[in-house]
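The lines below spell out each chain.
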Amino acid sequence: MKKLLLLLILVSVSTGSSAQSEKKIVILHTNDLHSRLYGFSPEADYSPDVTGNDSTRGGFSRIATILKNERELNPGITLTIDGGDFLMGTLFHALEERTGFQLRLMNLMGYDAVATGNHEYDFGPERLARIIKTSHSMGEIPPVLAGNAVFSVKDEEDDQLEKLFSDGLLKTKVVFERDGIRIGVFSVMGKDAADVAPLSRPVKFSAQKTFARKMVKELKKDKCDIIICVSHSGITRDSKGNWDGEDVRLAKKVKGIDVIISGHTHSRLSEPLVINNIPIVQTGEYGESVGRLSMIYRDGDLTVEGYSLIPVDDNVQGDPETERIIAGQRDLIDSLLLFPLNISYPKPVAESDFLLECNEHGDFMKSNLGPMIADAIHAYINKHSDKGTSISMVAVGVIRDRIIPGILTPPDVFRIMSLGSGSDDIPGYPLSRIYVTGRELKSILEILQVAYKSSPSNYCYYSGLKVRYDPGKGLLRKIQKIEIIDSSGKTVDVDFSKKNQALYSISANSYMLEFIGIIKQMSFGLINVVPKDSEGKQISRMVDAVIDMDSSVPGKQEGKEWLALMEFVSSMADTDGDGVPEISRRYSVPLSVFITSE
């Protein structure tokens, strides 16, 4: 009897010890939120206080509810992490420098760490530093990870951002101790993300895998039991349809990482992509889903228990307090930003009964939205600028949303062309104009017709010209004829022989025109385009190419793509008599200025 009692005690102790060594860890994660604080689209349909009455996706108050519910449901350890590009995408980001709103809101929602992505640098390093400092001065913010950022010793333009590291507001890593387990988190930004962040200069980014190995080593020294890499690098499909990309290669090459929370490529993984026993997770984009990775930590081993993407849709009632705070910020946008432009946040500007889209990861060559935006820019510049423009263009990579059938309001229009900033208080890249010869114009069009093959974001849509080309010809010999279309609809042939020194103007946003300066690199040194002003003098700084939209007012009045698009669609006919213009069905089908030679 005594032996039986002793055996039962030993079994009980053994069972209890095993239970104590097992910990459940839930990682909630988002990526590429792009300031989508409200659900979309159209935004006029979004009603987070009521369920079952709209088809919008996303919205921070809905996300707040999901995060709160998941924390309450999980009796173990819960971490909430964002994978970068939390800023840049809606009218809400336009006031960040003044209000530091979003980071404080994300802290209230329960985020434990937030990584920076390439779009956080769209304002430049100095303005990003001001956003973070303003946010911190007005309340608590989550740890902000800047991973492999490398600062210039000589250039002062990144000094304020660098100083945030010594102030503790910016980190390469953070360690959480929860229920006896030490969890180390670090971030890294990949090569592609760094390449598409030109305004991050003079900040550079060290090699992804080299930096990751360094962080793993440091976090091991910090006695971390679990190491999480937040990688704004991403995954993509290869030519055979298999998952590939920088984060796949990271998992293959760097040992010691337990989880990779991925971002940047807007890829939606319904289950973890496991490479070398490392689960890679990514939720897609814009807060349409919250990722939930459930793991079990037992005796030093970490295993995946389950994974799900939680839809952020109309089945989720938004958190009332979060929604109240966001509504207050929206009122500030209305009064500080839109009212001076004679715009009202909720006022309809147009409506559509068909879908207009431009999917960078889909069949972007058959987009109907891209050509309409190019036409909008063309009409806007020729209406408001003294010198007008011969040609207007827009790239796939700067078109950030689509137009879903329904009512279109100013925030819906802005989301489509939301990137960048200029020298004024109005968000968006300024519209710019350069002049080139006919021969240079042909070279630009030749290169841009193939540049998208290395990166779809480089594919362009045009307005104001017609091009006849033969895709079967070799490099730089495809284009056979170029015609400029004037305001009356008449066409003028472009002479692209060496003897023709006439100049033709090309307009686009200032970021897009940065590509003109690297045509030589893209053509392997075969082409060198020299951007010029209207008098033929070389332009060395793109800021000098920014168009003045009102020469009667002192200073330079910048034009923005989203304002051009809003003016364009609101000028269309109101065919059903409801007081709201309909988007012309001319754009219900793809339009192209490139005509294949027979």
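Definitions and limits used
- Residues numbered from 1 in each chain as written.
- Predicted model: local features only at pLDDT ≥ 70, side-chain atom pairs only at ≥ 80, totals over all residues.
- Heavy atoms only, no water.
- Helix = DSSP H or I, 4+ residues; strand = E, 2+ residues; numbered from the N terminus.
- Rg over C-alpha atoms; globule rule 2.2 N^0.38 Å.
- Buried < 20%, exposed > 50% of the residue type's maximum accessible area, 1.4 Å probe, protein only.
- Contact = heavy atoms within 4.5 Å.
- Areas by Shrake-Rupley, 256 points an atom, 1.4 Å probe, with all protein chains shown as cover.
- Lys, Arg positive; Asp, Glu negative; His and termini not counted.
- Charge placed at Lys NZ, Arg CZ, Asp CG, Glu CD.
- Pairing = 2+ DSSP bridges.
- Axes fitted to C-alpha atoms, helices over the stretch in contact; angles between N-to-C directions.
- Salt bridge = Lys/Arg side-chain N within 4 Å of Asp/Glu carboxyl O.
- Polar contact = N/O pair within 3.5 Å; in protein donor to acceptor, adjacent residues only side chain to side chain.
- Disulfide = S-S within 2.5 Å.
- Core = buried A, V, L, I, M, F, W, Y, C linked by side-chain atoms within 4.5 Å.

Moving on to the overall build of the protein chain. In terms of regular secondary structure, the protein chain is built from 16 helices and 27 strands. Here the protein chain has a C-alpha radius of gyration of 26 Å; the compact-globule value for 598 residues is 25 Å, and the two agree. Overall, the protein chain is about 105 × 55 × 50 Å in size when its C-alpha atoms are taken along their principal axes. When each of the 598 residues of the protein chain is scored for burial, the buried share is 56%. The contacts of the protein chain with a sequence gap of at least 6 include a subset with a gap of at least 24, amounting to 74%. When the accessible surface of the protein chain is totalled, it reaches about 26,300 Å², and 50% of it is carbon and sulfur. Taken together, the 69 basic and 81 acidic charged side chains of the protein chain have centroids lying 8 Å from each other.

Strand order in this open sheet of six strands is β7-β8-β10-β13-β15-β14, and the pairing throughout is mixed. Each edge of the sheet is formed by a strand with only one pairing partner; in this case those strands are β7 (173-178) and β14 (273-275). Averaged over all neighbouring strand pairs, the angle between strand axes comes to 25°, with direction disregarded. Of the strand pairs in this sheet, strand β8 (residues 181-189) and strand β10 (residues 226-232) are connected by seven bridges, and their pairing is parallel. When the sheet's bridge partners are listed, Ser187 is paired in β10 with Val230.

Evaluated as defined, the whole model comprises 32 salt bridges. With a closest N to O distance of 2.7 Å, Asp353 and Arg585 form a salt bridge. Remark: Arg585 occurs in the loop between α16 (561-570) and β27 (594-596) and Asp353 occurs in the loop between β18 (350-352) and α11 (369-384); sequence separation between them is 232 residues. Asp353 gets classed as exposed once you look at its relative accessible area, which sits at 57%. A salt bridge links Lys532 to Glu440, with the shortest nitrogen-to-oxygen separation between them at 2.7 Å. Here Lys532, found in the loop between α15 (519-522) and α16, pairs with Glu440, found in helix α13 (residues 438-451); they are 92 residues apart in sequence, far enough to count as distant.

With that settled, consider the side chain of Ser385. Its place among the elements puts Ser385 in the loop between α11 and β19 (391-395). Take Ser385: its relative accessible area is 6%, and that puts it in the buried class. Among the polar contacts made by the side chain of Ser385, one reaches the side chain of Arg433 at a distance of 2.9 Å. Among all residues touching Ser385, those that are not within four sequence positions of it are Tyr380, Arg433, Ile547, Asp548 and Met549.

Applying the stated criterion across every chain yields a total of zero disulfides. Free cysteine: Cys224, not disulfide-bonded; nearest cysteine sulfur from Cys229 at 13 Å. Residue class for Cys224 comes out buried when judged on its relative accessible area of 7%. Note on Cys358: no disulfide assigned, nearest cysteine sulfur contributed by Cys460 at a separation of 10 Å.

Counting residues in each nonpolar core, the largest one holds 98 residues, and the members touching the most others are Met372, Trp562 and Ile583. Beyond its immediate stretch of four places on either side in the chain, Trp562 contacts Leu91, Leu338, Leu341, Ile343, Val413, Phe414, Met417, Ile426 and Pro427. Core analysis: the next-biggest nonpolar cluster, separate from the first, contains 34 residues, Ala395, Val494, Ile519 and Val529 among them.

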